[in-house]
Amino acid sequence: MTQPAPVLPAPVLPTPVLSTARLRLRPFTDADADHLFALHSSAHLMRYWDSPPWTDRARSARFIARCGQMADEGTGARVAIDRASDGAFVGWCGLTSFDPENRSASLGYILDDAMWGHGYATEAAHAVLRWAFDALDLNRVQAEVDTRNPASARVLEKVGFLREGTLREDCVVNGVVSDSWVFGLLRREWQPSPAPIPGASS
C-alpha cells in the first residue's frame, strides 16, 4: 500500500534585523504598541490606505501578534524602523504575500509624518529589498500606491520600481473610491546602490 506523502510544515521566514547608515530595522515588540496606534489611528497618515484608521488600541497588539504569525507561517515579514542616532520610532516596512514558489512578495511601508522629508522611507525600502533579493532570492517585488499619493510613488521609483499599470476603483474606504498604481521591481532590474545620502528627500 502506498503511504501518503508527509505533510510538510510551512516554511518559516525569520524576521530580519537590518542596519543602514541612519536606521535600524528590527522585529516588533510589545513596547511598540503605542507607536503603532499613533500611526494607524491618524486620519492624515491613513488617508491613502485601503483600510480606515484604527479606533481600538487593541489593534496594536493584534498587529504585533500577526507579524509573528506571518513569520511562523512563512508568508511575510514586517520590521519596525528606528532612527539609529536616538532610537526614535520612525515607522515600519515589510514584505507580505511571500510566495517562495514564484519567488515574489509585496512591499509596504508607513512612516510617522514627523519623519518625512529625510529620505528614511527610501533608505528603509532599500534595506528590505536588498534582503529580499539577496537572502530570499526573490525574482519580483510588487507594490501598490494610491494614485493620489505621488510622494510614495517617488519612493518606489527611487529604489528602482517601474509603474506597470492602474487598478481602477480598486479600493473603497469610508465611502471614498480610489484607484491604485501597480509598481514592480524585477531581480534583473535591481540595483543595490549604496544607502541614500543623509539629508536626501523622501
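Scroll up to find the structure.
The paragraphs below set out a description of the structure included in this document. (Residues numbered from 1 in each chain as written. Predicted model: local features only at pLDDT ≥ 70, side-chain atom pairs only at ≥ 80, totals over all residues. Heavy atoms only, no water.)

Remarks on empty space enclosed by the protein
Inspection of every chain in the model, using the stated rule, returns one cavity of 30 Å³ or more. A volume near 30 Å³ is recorded for the largest cavity. Taken together, Pro16, Leu18, Ala77, Arg78, Val79, Cys93, Gly94, Val128 and Trp131 make up the lining of the largest cavity. Looking at the lining of the largest cavity, the elements with two or more residues in it are β3 (77-83), β4 (89-99) and α3 (120-134). By residue number, the principal contributor to the lining of the largest cavity is β3, which donates three residues. Counted by class, the lining of the largest cavity contains seven nonpolar, one polar and one charged residues. (1 Å grid on protein atoms, 1.4 Å probe; cavity = no way out; pocket = protein on both sides within 12 Å on 5 of 7 lines; lining within 4 Å. Points joined across faces, edges and corners; volume = space filled by probe spheres on them. Helix = DSSP H or I, 4+ residues; strand = E, 2+ residues; numbered from the N terminus. Nonpolar A, V, L, I, M, F, W, Y, C, P; charged D, E, K, R; others polar.)

What to know about unusual backbone geometry
Phi is positive for Ser97, close to 55 degrees, though the residue is something other than glycine. Relative to the elements of secondary structure, Ser97 occurs in strand β4. Even without being a glycine, Asp137 presents a positive backbone phi close to 55 degrees. With respect to the secondary-structure elements, Asp137 resides in the loop between α3 and β6 (140-146). Looking at Asp137, the relative accessible area reads 36%, which means it is partly exposed. (Buried < 20%, exposed > 50% of the residue type's maximum accessible area, 1.4 Å probe, protein only.)

Looking at helix α1 (residues 33-40)
Within α1 the residues assigned to the buried category are Leu36, Phe37, Leu39 and His40. Looking straight down α1, one finds that the buried residues subtend no more than 160 degrees of arc, so they occupy a single side. Here the buried face of α1 lies against α2 (58-73), β4 and β5 (104-111). (Arc of directions from axis to C-beta. Contact = heavy atoms within 4.5 Å.)

Focus on the sheet that holds strand β7 (residues 162-173)
The eight strands are arranged β1-β2-β3-β4-β5-β6-β8-β7 in an open sheet whose pairing can be described as mixed. This sheet does not close on itself; its edge strands, each paired only once, are β1 (18-19) and β7. On top of the sheet, α1 reaches β4 and β5; it is set at about 80 degrees to β4, its chief contact. Running over the sheet, α3 touches β1, β2 (23-26), β3, β4, β5, β6 and β8 (176-186) and is turned about 30 degrees from β4. (Pairing = 2+ DSSP bridges. Axes fitted to C-alpha atoms, helices over the stretch in contact; angles between N-to-C directions.)

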